[in-house]
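Observations on chain architecture
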Amino acid sequence: MAPGGASSKNNVLPLWGNEKTMNLNNLILTNIQSSHYFKVNLFELKTYHEVIDEIYYKVAHLEPWEKGSRKTSGQTGMCGGVRGVGAGGIVSTAFCLLYKLFTLKLTRKQVNGLLTHCDSPYIRALGFMYIRYTQPPADLWDWYEGYLDDDEELDVKAGGGCMMTIGEMLRHYLTKLEWYSTLFPRIPVPIQKDLERKLMEHGVMAKVVDRNNGLEGGNGPTAASNHQNSSSPGLGGSVNDFKDRHITDEEVSWGEAERIARLRRSPSREKRARDEGGRRHGGGERSNEERVERDRSIVRRERDEAIDVRRHDRERREHHHHHHHHRDKLHREDGRSKDRRRR
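What counts and how
- Residues numbered from 1 in each chain as written.
- Predicted model: local features only at pLDDT ≥ 70, side-chain atom pairs only at ≥ 80, totals over all residues.
- Heavy atoms only, no water.
- Helix = DSSP H or I, 4+ residues; strand = E, 2+ residues; numbered from the N terminus.
- Buried < 20%, exposed > 50% of the residue type's maximum accessible area, 1.4 Å probe, protein only.
- Contact = heavy atoms within 4.5 Å.
- Core = buried A, V, L, I, M, F, W, Y, C linked by side-chain atoms within 4.5 Å.
- Polar contact = N/O pair within 3.5 Å; in protein donor to acceptor, adjacent residues only side chain to side chain.
- Axes fitted to C-alpha atoms, helices over the stretch in contact; angles between N-to-C directions.
- Parallel < 35°, antiparallel > 145°, perpendicular 65-115°, else oblique.
- Nonpolar A, V, L, I, M, F, W, Y, C, P; charged D, E, K, R; others polar.

Considering the overall build of the chain
Along the backbone of the chain there are 12 helices and 6 strands. Taking all 343 residues of the chain together, the buried fraction comes to 45%. Pairs at least 24 apart in sequence give 72% of the contacts found in the chain among residues at least 6 apart.

Re helix H8 (residues 166-175)
Summarising burial for H8: 9 of the 10 residues are buried, a large majority. For H8, the set of buried residues is Ile166, Gly167, Glu168, Met169, Leu170, Arg171, His172, Tyr173 and Leu174.

Overview of the nonpolar core
Leu62, Phe95, Met169, Tyr173 and Trp179 are the most contacted members of the largest nonpolar core, which has 61 residues in total. If we skip the residues at most four places from it in the chain, Leu62 touches Ala94, Phe95, Tyr122, Ala125, Leu126, Met129, Leu154, Val156, Met169, Tyr173 and Trp179.

Some points on unusual backbone geometry
A positive phi angle, close to 65 degrees, is found at Met22, a residue other than glycine. The buried category is assigned to Met22, whose relative accessible area is 0%. Of note in the backbone geometry, Tyr180 takes a positive phi value of approximately 50 degrees without being a glycine. Note on Tyr180: relative accessible area 10%, which makes it buried.

Considering the environment of Gly146
Positionally, Gly146 belongs in the loop between helix H7 (140-144) and strand S1 (153-155). Sequence separation between Gly146 and Gly167 is 21 residues; the distance between their C-alpha atoms is 9.3 Å.

Examining the side chain of His61
Secondary-structure assignment places His61 in the loop between helix H3 (48-58) and helix H4 (93-103). Classification of His61 as buried rests on a relative accessible area of 9%. A distance of 3.0 Å separates a polar side-chain atom of His61 from the backbone nitrogen of Glu63. Within the structure, His61 has its side chain in polar contact with the side chain of Glu66 (distance 3.1 Å). If sequence neighbours within four positions are ignored, His61 has contacts with Glu66, Ser92, Ala94, Tyr122, Asp155, Val156, Lys157 and Ala158.

Concerning the environment of Ile52
Along the chain, the position of Ile52 falls in helix H3. Separated by 67 residues in the primary sequence, Ile52 and Asp119 have C-alpha atoms spaced 9.7 Å apart. Those residues in contact with Ile52, other than ones at most four positions away along the chain, are Leu114, His117 and Ile123.

Structural notes on the packing of helix H5 (residues 108-115) against helix H6 (residues 121-134)
Running from amino to carboxyl end, H5 crosses H6 at an angle of 135 degrees, the nearest separation of the two axes being 7 Å. Classified by the angle their axes make, H5 and H6 are oblique. Judged by residue contacts, Val111, Leu114 and Leu115 of H5 engage Ile123, Arg124, Gly127, Phe128, Tyr130 and Ile131 from H6. Split by residue class, the contact of H5 with H6 holds 7 nonpolar, 1 polar and 1 charged.

Spelled out as structure tokens, the structure:
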């Protein structure tokens with residue numbers, strides 16, 4: 001959930017670091033600013049929604065360079081590999097649009113709109129990357145925490161071949177400096193240690209819930225646990241998978257929250273649930289694992305309903321788009337037939 005929350009009166013989102021370069025690598029920034037796509041095509045896009053539509057139709061990976069356009073073989077030291085210094089290439093559509101978002105000076109509401117967008121995982125991914133480049137390292141956990149177990153998948157590698165979930169991608173953002181042929185802004189050591197501690201605690205909690213659900217349901221491993229050893233971008237490592245932790249309604253913000261307002265819980269709902277559970281069991285103190293199991297089951301059920309709402313909205317939009325496309329095609333064919341009759 002974003003720092004300050006959806007109820008924050010201040011919708012302005014301050015930028016961290018260099019307010020001209022977006023903290024991007026100089027070679028990547030130079031290639032973006034000199035590219036025909038950025039100077040001509042993206043110059044015509046003036047609004048936030050126009051840029052989102054462009055992401056939806058044009059972005060297919062999250063690397064900074066297009067496949068095969070950058071040769072680093074034979075380069076050593078500061079001129080090769082992840083440093084991003086030396087031979088350039090064709091900068092990717094994703095990074096051009098990322099910088100275009102930066103030029104729009106997004107508000108807090110607009111960034112939240114990217115993170116919860118249901119049309120394309122790449123719209124969400126660029127929102128998370130925008131945060132990684134422009135927000136203070138101390139705020140990253142508040143932005144990312146609610147999505148660390150998000151299981152929506154996307155292929156981040158140019159040319160395909162590296163599928164990962166949103167949650168896996170965010171854990172990489174928080175723990176690794178490298179992202180393919182570039183670097184993220186450095187996170188101070190004390191903040192990095194705190195992030196690693198929080199990630200470890202989060203993982204332990206997810207495993208406890210996974211074990212409890214396995215004992216209760218008896219269904220064995222879920223489909224989410226089959227994403228074993230996903231490739232870590234540019235590192236050849238693996239990303240640990242945890243049980244899906246569904247986001248609470250309080251963590252869902254802006255447009256999506258309006259669509260599922262009926263699912264919102266009052267702040268005291270969990271307390272009432274705990275009190276009722278205590279009374280049903282003679283007022284005795286329940287163990288931590290039992291409380292976690294009960295609370296997570298409530299959240300899981302409500303998040304499943306929210307996912308159904310999002311899926312329904314997406315199917316409705318796709319049907320609407322197909323209907324209009326078919327109608328326009330019929331109009332064009334009718335116009336051509338009328339022209340032939342006139343001739």
